[in-house]
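Secondary and tertiary structure notes
Residues per chain, in single letters:
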Amino acid sequence: MNSDLNKLQPYPFEKLNQLKSAVTPSPEYAPIALSIGEPKHPSPSFVVKELTQALGKLSIYPSTKGIPELRESICDWLTQRFNLQPKSLSAENNVLPVNGTREALFSFTQVIIDRQANPEPETQNDLPPLVVSPNPFYQIYEGAAFLAGAEPHFLPCLEDNNFIPDFDAVPADIWQRCQLLFLCSPGNPTGAVIPSDTLQKLIELADEYDFVIASDECYSEIYCDESKPPIGLLQACAEMNRNDYKRCVVFHSLSKRSNLPGLRSGFVAGDSDIMQQFLRYRTYHGCAMPVQHQLASIAAWNDETHVQENRSFYREKFATVLPILQEVMPAEQTDASFYLWLKTPIDDEVFAKKLFEEKHVTVLPGRYLSRTVDGINPGENRVRLALVAPLQDCIEAAERIRDFVKTLAN
Ligand SMILES: Cc1ncc(COP(=O)(O)O)c(C=O)c1O
């Protein structure tokens, strides 16, 4: 067996199930889960209609590259959304559809990591390549790194730094060994958006040390202020007049933007040389998107009305839930995403366990999403709340959390 499998940690939800199995929730309350980031707003009906009307395509083998119409729609969406130079993206060379960004983040890492690369043969003989990642992080980054023969190198996302890693503090030898840098902006679980000047600095570092930047932007369309959509990595390239997007790729998804997590539809876009190798890998990987899903995806990418409506639902949830929580604990509006990254008055695991036991509300302990590095675990004493449940459930959960926190003070 592949011995790298032994490096994989139990997934956060396995850890959570184990934590919950140790207690019996109070029968007084109906269960409310705020633990999983699965969108619950209805999928757009016009997309569902498109999908069902296209079911005749089940008789066709899809191609890995996807149909040109989908790639065109994606290029148009990216250009419009991120103010890219018109025609700087080509449907032929710069984009690929993927079956959700989860598999794409994994497979992309396998494409980029060169196990044989040795940045400084004399001094760093046996050191594996590095995948640099935020901490806390979407768990795929770590698993993908291990299975590609690399080692994850974590950068803490702390409150003092607005939950953005302090990239200036990363020493040169780390950048030398870095082959792939993962960014998650807006961040899961912190909701923080990496600003343009930081992105531009990272692009310069990528040139200097020859690494690839993979920017996971699957929450980019869930933001609070309609006049301030989060910036993306390709936009930072455009602002530098770097219209070939060299060393840069972005990951986008319909799961959160359009409430279509079951469609398994996203895309990867950026540097054409990298995308060419990604296509080569995927041809063997065998993960083409079914044509009916591609046709439904075109309908989704071409429409913004349902996305605006979706944002308004989340805005309402934040506006009602935050004041309830603020009665007893610090709770701040994040830049974007549908998460709250709450500081807990007691140990995060104990908090989640007791809250489940006493109030039947499930939240995710922060430490399950992060690793301890140099004695610091940035998830410690935090819990993640996903405001995906219906509004009334989010309000009810917030009230139960408030009442629970009050009991801790006594
Ligand atoms: C940060 C982040 N990236 C990627 C994904 C994967 O989303 P999907 O595979 O549905 O596109 C998720 C899903 O929760 C996520 O939180």
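Preceding this paragraph is the structure being described.
Summarised in this report is the structure supplied together with it. (Residues numbered from 1 in each chain as written. Predicted model: local features only at pLDDT ≥ 70, side-chain atom pairs only at ≥ 80, totals over all residues. Heavy atoms only, no water.)

With respect to the site of the ligand
Taken together, 14 residues lie near the ligand, and Thr 101, Asp 216, Ser 253, Ser 255 and Arg 264 sit nearest. Between the ligand and Arg 102 there is a distance of 2.9 Å, counted from an oxygen atom to a backbone nitrogen or oxygen. Side-chain polar atom of Lys 256 to an oxygen atom of the ligand: 2.7 Å apart, as the coordinates give it. Burial of the ligand by the protein amounts to 92% of the accessible area it has alone, namely 400 Å². Among the secondary structure elements, those contributing two or more residues to the shell around the ligand are helix H4 (101-112) and helix H9 (254-257). (Near = heavy atom within 4 Å. Polar contact = N/O pair within 3.5 Å; in protein donor to acceptor, adjacent residues only side chain to side chain. Areas by Shrake-Rupley, 256 points an atom, 1.4 Å probe, with all protein chains shown as cover. Helix = DSSP H or I, 4+ residues; strand = E, 2+ residues; numbered from the N terminus.)

Here we look at the pattern of salt bridges
The full count for this structure, using the stated rule, is 26 salt bridges. When the shortest N-O distance is used, the salt bridge between Arg 177 and Glu 151 registers 3.7 Å. With Arg 177 in helix H6 (residues 172-177) and Glu 151 in strand S4 (residues 151-156), this residue pair connects regions lying 26 residues apart in the sequence. A salt bridge links Lys 246 to Asp 271; the nearest nitrogen and oxygen atoms lie 3.8 Å apart. Here the residue Lys 246 occupies a position in the loop between helix H8 (233-239) and strand S7 (248-253), and Asp 271 occupies one in the loop between strand S8 (266-270) and helix H10 (272-285), the gap between them amounting to 25 residues. (Salt bridge = Lys/Arg side-chain N within 4 Å of Asp/Glu carboxyl O.)

A short note on the pairing of strand S12 (residues 382-386)
Most of S12 is tucked away, with 5 of its 5 residues classed as buried. Across the two faces of S12 the burial is the same, with Arg 382, Arg 384 and Ala 386 and Val 383 and Leu 385 all buried. The pairing of strand S9 (residues 339-343) with S12 spans 5 bridges and is classified as antiparallel. Bridge assignment links Tyr 339 to a residue of S12, and that residue is Ala 386. Bridging between strand S11 (residues 364-365) and S12 involves 2 bridges; their strand directions are antiparallel. By the bridge assignment for S12, Leu 364 is matched with Arg 384. (Buried < 20%, exposed > 50% of the residue type's maximum accessible area, 1.4 Å probe, protein only. Pairing = 2+ DSSP bridges.)

Some remarks on the sheet that holds S9
What links the strands of a sheet is backbone hydrogen bonding, and the strands pair in either a parallel or an antiparallel sense. The 3 strands lie next to each other as S9-S12-S11, forming an open sheet whose pairing is antiparallel. Looking at the sheet topology across the chains shown, the edges are occupied by S9 and S11.

Points about the packing of aromatic side chains
Here the structure, examined in full by the defined rule, presents 16 aromatic pairs. When the ring of Tyr 314 is compared with that of Phe 338, the centres are 5.3 Å apart and the planes differ by 35°; the resulting orientation is tilted. Remark: Phe 338 occurs in the loop between helix H12 (305-326) and S9 and Tyr 314 occurs in helix H12; sequence separation between them is 24 residues. Accessibility expressed as a relative area gives 2% for Tyr 314, which makes it buried. We classify Phe 338 as buried; its relative accessible area is 0%. Ring centres of Phe 351 and Phe 404 lie 5.2 Å apart, and the angle between their planes is 80°; this geometry places the pair in the edge-to-face category. (Phe/Tyr/Trp six-rings, centres within 6.5 Å; stacked < 30°, edge-to-face > 60°.)

Here's the deal with the sheet that holds strand S5 (residues 178-184)
Strand order in the open sheet formed by 7 strands is S2-S8-S7-S6-S5-S3-S4, and the pairing between neighbours is mixed. Strand pairing shows two members of the sheet lacking a second neighbour, strand S2 (95-98) and S4, which therefore form its edges. In this sheet, adjacent strand axes meet at a mean angle of 20° when their direction is disregarded. By the bridge criterion, 4 bridges tie strand S6 (residues 212-216) to S7 in an arrangement that is parallel. Within S7, the residue paired with Ala 214 across the bridge is Val 249. Here helix H3 (residues 68-81) sits on the sheet in contact with S2, S7 and S8, set at roughly 110° to S2. Set on the sheet, helix H5 (residues 140-147) makes contact with strand S3 (130-135), S4, S5 and S6; between it and S4 the angle comes to about 150°. (Axes fitted to C-alpha atoms, helices over the stretch in contact; angles between N-to-C directions. Contact = heavy atoms within 4.5 Å.)

Read these as geometric descriptors, not functional statements.
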